[in-house]
Amino acid sequence: MHDAPLRVTTPGGAYDVIIAHGALDCLPDHLNRIGLRGALWIISDDQVFPQYAPPLIERLRAAGYDVQGSTVPSGETSKDLAMVARLYDWLIGGGVERRDAVLALGGGVVGDLAGFVAATVLRGIALVHLPTTLLAMVDSAIGGKTGVNHPLGKNLIGAFHQPRLTLADTATLRTLPPRELRAGWAEVIKHAVIRDADLFVRLETIAGAEPDSLQGDALAAIIRQAARVKIDIVNADERETGERMLLNYGHTLGHAIEAASGYGDLLHGEAVAIGMHLEAQIACRMGMVEPDFVERQERLLHAWGLPTALPPALDIDDLLERTLRDKKVRAGKVRWALPLGIGSATVRDDAPETLVRAVLEEAYARSP
Ligand SMILES: NC(=O)c1ccc[n+]([C@@H]2O[C@H](COP(=O)([O-])OP(=O)(O)OC[C@H]3O[C@@H](n4cnc5c(N)ncnc54)[C@H](O)[C@@H]3O)[C@@H](O)[C@H]2O)c1
């Protein structure tokens, strides 16, 4: 028996977020229930499509749907305008209509790309997210941000377009490469730190047992709890004017580290884990948390297989310069999402640069 669905309710749209083991089996019923009866256009990547699309297409066709599929190469490089144009050709050439829906089957790359295509083709058609990575299940498939990269920066072109449904089948995580799965746990831990102390303690308890043995309904339940944090925040602040900024915890330095190390060496979630550890130390130096908070969070990150040490040979001036180029900078001040304790966070724009520099210098002094 699956739990009651979570619900996003924003001015831009209201929809269920269904997270359950085996949820894809019930997709035709859910589409029917929400009134989607037009043709379905599945967009996926070349890793995910062969594993999950064929049985899904068969099930949807058996339920009477007209279904087509298209794949893009797996990886971040597919998130660009050239791929958007290719998908427009496929949709418009194939006779897409306003009542049709795009189904985004894959991780955050597919979700952002297919979401942007759905937001813009024919001035917007229905979108259904079918996330297959942990990051997409707890984060990118919820909240309506869609978009692609520009040569000058990540996610610089996009639109808000809420899906009509997000349906995550946690059974798909069985085939996700272990390193990708671990990177997803970084976002789960971030959600626990900023908003859900009970989730934090559950993650500590599971880590003490054996995280890799987490499966089936137990896995789905913990992912649901993490997704609820994102849903609550999005419900309060769809357009990121206030509370949604808390989701950036670990991301200001995380993005700087990711970019400075040239994308590729570190996965996004790994950079976020390092960013959370450094930003916790910023909060500690500002008197917002005690040193034992920093240690407890570091223990949890390690327990879930995540790094906390700065990669060697990054330039501190370069990292600081990159934090100033962050999208969340306003009037020249970096707005940091910082913890107040386990389960609580706030946004501060008064972290002195000398203090941030001292945290980075100390991190290097401690590294082997
Ligand atoms: N829209 C948002 O709010 C938001 C939030 C966070 C991140 N993002 C975006 O999400 C993207 C990262 O997403 P991601 O981490 O899911 O990466 P991803 O989509 O690249 O997926 C990671 C890898 O796993 C493979 N994969 C996916 N599901 C699989 C499965 N079940 N089995 C086997 N392999 C599988 C993919 O082919 C890919 O190689 C970034 O582009 C980021 O900007 C968006």
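It should be emphasised that the depicted structure is a prediction, and the values quoted were computed from it without experimental measurement.

(A) Region of the structure containing the nonpolar core. Counting 76 residues, the largest nonpolar core has Leu203, Ile282 and Trp304 as its most contacted members. There are two domains that each give this core at least three residues, and those are domain 1 (6-175) and domain 2 (178-366). In this structure, Ile18, Ala20, Leu27 and Leu56 belong to the second largest nonpolar core, which totals 26 residues.

(B) Examining the site of the ligand more closely. As a matter of local geometry, the ligand sits amid 26 residues, with Asp45, Glu76, Thr132, Thr133 and Thr175 nearest to it. In the model, an oxygen atom of the ligand is placed 3.0 Å from a nitrogen or oxygen of the Val109 main chain. The fraction of the free accessible surface of the ligand (880 Å²) that becomes covered by protein chains is 87%. Going through the elements one at a time, α2 (49-62), α4 (108-120), α5 (134-140) and β8 (153-160) are the ones with two or more residues in the shell around the ligand.

(C) Geometry of α2. Look at α2: 19 Å from first C-alpha to last across 14 residues, which is about the 20 Å you get at 1.5 Å a residue. Considered for burial, the residues of α2 that qualify are Phe49, Tyr52, Ala53, Leu56, Ile57 and Leu60. One face of α2 carries all of its buried residues, which in axial projection span an arc of 125°. Facing away from the buried side of α2 by more than 90 degrees, the exposed set consists of Pro50, Glu58 and Ala62.

(D) Layout of unusual backbone geometry. The phi angle at Asn155 is positive, at roughly 55°, despite the residue not being glycine. Summarising the element assignment, Asn155 is placed in strand β8. A residue is classified by how much of its surface remains accessible, and Asn155, at 32% relative accessible area, is partly exposed. Its identity as a non-glycine residue notwithstanding, Ala313 has a phi of 65°, on the positive side. Relative to the elements of secondary structure, Ala313 occurs in the loop between α11 (291-303) and α12 (316-324). Overall, Ala313 belongs to the exposed group, its relative accessible area being 76%.

(E) Fine view of the domain arrangement of the chain. Per the domain assignment, the segments making up the chain are domain 1 (6-175) and domain 2 (178-366). Spacing between the C-alpha centres of domain 1 and domain 2 amounts to 27 Å. Between domain 1 and domain 2, the residue contacts involve 25 residues of the former and 28 residues of the latter. For the pair domain 1 and domain 2, the two sides together bury roughly 2400 Å², of which 66% comes from carbon and sulfur. Contact with domain 2 buries area across many residues of domain 1, yet Leu6, Leu134 and Val138 alone supply 26% of it, more than any other trio. Linking domain 1 with domain 2 are one salt bridge. For Lys230, the salt bridge identified is with Asp139, shortest N-O distance 2.7 Å. In this structure, the connection of domain 1 to domain 2 is made through six residue pairs in polar contact (both at pLDDT 80 or more).

(F) The arrangement of the pairing of strand β11 (residues 344-348) in detail. Relative to β11, strand β10 (residues 336-341) is paired through five bridges, and the arrangement is antiparallel. Paired with Trp336 across the bridge in β11 is Arg348. What sits between β10 and β11 in their antiparallel hairpin is a turn of two residues, with Gly343 showing a positive phi close to 95°.

(G) Structural detail: the packing of helix α6 (residues 178-195) against helix α10 (residues 268-285). Running from N to C, α6 and α10 point in directions that differ by 40°, and their axes come no closer than 7 Å. Where α6 crosses over α10, the handedness of that crossing is left-handed. Listed contacts from α10 to Arg179, Ala183, Ala186, Glu187, Ile189, Lys190 and Val193 of α6 are His268, Gly269, Glu270, Val272, Ala273 and Met276. In the contact of α6 with α10, the residues fall into seven nonpolar, two polar and four charged.

(H) View of the sheet that holds strand β2 (residues 13-20). One open sheet accounts for seven strands, arranged β1-β2-β9-β6-β5-β3-β4; its pairing is mixed. At either margin of the open sheet sits one strand with a lone partner, and together these are β1 (6-10) and β4 (67-72). When the angles between neighbouring strand axes are averaged without regard to direction, this sheet yields 20°. As paired elements, strand β3 (residues 40-45) and strand β5 (residues 101-106) share five bridges and run parallel to each other. Across the sheet, the residue bridging to Trp41 is Val102, located in β5. Across the sheet, helix α3 (residues 81-93) touches β3 and β4, and the angle it forms with β4 is around 160°.

(I) Representation of the pattern of salt bridges. In this structure the tally under the stated criterion is 16 salt bridges. In this structure, Arg59 and Asp25 form a salt bridge, with 3.5 Å as the shortest nitrogen-oxygen distance. Here Asp25 lies in the loop between β2 and α1 (27-33) and Arg59 lies in helix α2, a separation of 34 residues in the sequence. Linking Lys79 and Asp112 is a salt bridge whose minimum nitrogen-to-oxygen distance equals 2.9 Å. A residue pair is termed long-range when its members are at least 10 positions apart, and Lys79 in the loop between β4 and α3 and Asp112 in helix α4 qualify at 33 residues. Like Asp112, Lys79 is buried.

Calculation criteria
Residues numbered from 1 in each chain as written. Predicted model: local features only at pLDDT ≥ 70, side-chain atom pairs only at ≥ 80, totals over all residues. Heavy atoms only, no water. Core = buried A, V, L, I, M, F, W, Y, C linked by side-chain atoms within 4.5 Å. Buried < 20%, exposed > 50% of the residue type's maximum accessible area, 1.4 Å probe, protein only. Domains from an automatic or database assignment. Near = heavy atom within 4 Å. Polar contact = N/O pair within 3.5 Å; in protein donor to acceptor, adjacent residues only side chain to side chain. Areas by Shrake-Rupley, 256 points an atom, 1.4 Å probe, with all protein chains shown as cover. Helix = DSSP H or I, 4+ residues; strand = E, 2+ residues; numbered from the N terminus. Expected span 1.5 Å × (residues − 1). Arc of directions from axis to C-beta. Contact = heavy atoms within 4.5 Å. Buried area = accessible area lost by both parts, 1.4 Å probe. Salt bridge = Lys/Arg side-chain N within 4 Å of Asp/Glu carboxyl O. Pairing = 2+ DSSP bridges. Axes fitted to C-alpha atoms, helices over the stretch in contact; angles between N-to-C directions. Left-handed = near helix turned anticlockwise from the far one by under 90°. Nonpolar A, V, L, I, M, F, W, Y, C, P; charged D, E, K, R; others polar.

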